[in-house]
Amino acid sequence: MKRFILGVAAAALLSGTALAQEFQPAVVYDLGGKFDKSFNEAAYTGAEKFKADTGIEYRDFEIQNDSQREQALRNFARRGANPVVAIGFSHANALEKVAKEFPDTKFAIVDMVVDLPNVRSILFKEHEGSYIVGKLAAMASKTGKVGFVGGMDVPLIRKFACGYKQGVKETNADAEVFENMTGSTGAAWNDPVKGGELAKSQIDRGADVIYHAAGGTGLGVLQAAADSGALGIGVDSNQNGVHPGKVLTSMLKRVDVAVASTFTDAKDGNWTSGFYTLGLAEGGVDWALDENNEPLITDEMKAAVDQTRADIVSGKIAVHDYMATEDCPY
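Residues numbered from 1 in each chain as written. Predicted model: local features only at pLDDT ≥ 70, side-chain atom pairs only at ≥ 80, totals over all residues. Heavy atoms only, no water.

Another point: the state of the cysteines. This structure, assessed with the given rule, holds one disulfide. The residue that forms a disulfide with C162 is C328, at a sulfur-sulfur distance of 2.1 Å. Between C162 and C328, the disulfide has an S-S torsion of 90 degrees and is therefore right-handed. Of this pair, C162 sits in helix 6 (residues 155-169) while C328 sits in the segment after helix 11 (322-325), and the two are 166 residues apart along the sequence. (Disulfide = S-S within 2.5 Å. Helix = DSSP H or I, 4+ residues; strand = E, 2+ residues; numbered from the N terminus.)

Our next topic: the pairing of strand 4 (residues 107-110). Side chains of strand 4 alternate between two faces, with F107 and I109 and A108 and V110 buried alike. Here strand 3 (residues 84-87) runs beside strand 4; their pairing, made up of four bridges, is parallel. Bridging across to strand 4, I87 finds its partner in V110. The parallel pair strand 3 and strand 4, bridged by helix 4 (residues 92-101), forms a crossover whose chirality is right-handed. (Buried < 20%, exposed > 50% of the residue type's maximum accessible area, 1.4 Å probe, protein only. Pairing = 2+ DSSP bridges. Right-handed = clockwise from strand over helix to strand, strands pointing away.)

Here we come to the nonpolar core. Grouped together as the largest cluster of nonpolar side chains are 63 residues, with contacts concentrated most on I87 and Y164. Ranked by the residues each element gives to this core, the list is headed by helix 5 (residues 126-140), at seven residues. Those residues within four positions of Y164 in sequence are excluded, and the remaining contacts are S130, Y131, V133, G134, A137, V146, G147, F148, V177, V209, Y211 and I233. Ranked by size, the runner-up nonpolar core spans 22 residues in total, among them V28, F76, V114 and V119. (Core = buried A, V, L, I, M, F, W, Y, C linked by side-chain atoms within 4.5 Å. Contact = heavy atoms within 4.5 Å.)

Listed below in structure tokens is the structure:
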């Protein structure tokens, strides 16, 4: 009898493990890879948090070129992965096609709307977070000249740039903002050498604070700023520790929360399709303050940011959304 009970217990344990493994979430990263210390890595962090919290393994794939997007999404769906999260707007066309082929698979995409009944679209108010770091840049600058380096020249990145410029200009109307984009293809997300060159050119013109929204390319921006005695501003993930004391702050875009909550909702039976937009009020964007940059942030700067944050959430400050109008008045 004792042996029988032990056998039943072991079978139950194995059954529970098997049931847990039946839930197989997956992530397909954008160009630049999951260790870009920025956008993709935020998604990786969210997946890892889900794994730590639940003990459930996930699958992931790092594309090397655009042609792999559709293939990766379809392969995961064929193999039973569910949900499948696509990181980045460039997955939109591939996801729309694959999601129609697998109507019973749950999909999610970050930074684009794919209007299908089995797709969750997750957007962020990057302009709000960029306004905040723009204010900090203007307050920290000694020259009155600051910079922005974007990755791929697309409306989404101009949305970052415009919010940043508004934050700078509404803090110091006389400030000058230099702006450069790295390129017009996906390679622009993974070119730290070019990012460093663009940052250096802005520094040579007098910029002493430079914000990047450029994925892996931004590591070159932060390096050039640190080497030149300027301050960098990170993006998406907390990049303050990349060059401690040389990064003023980072604009946090909580892709980690989006990925972890999508996995959790699917696991718990709470998954929904449709689109969600996350800003300051929803905790979707923010700025980073930690031991690496605390000496750079004065009490005056903290107070100003706290007030600005409250004013954006309340609607007292309206941050211009480049993607709503395709222009930037700043």
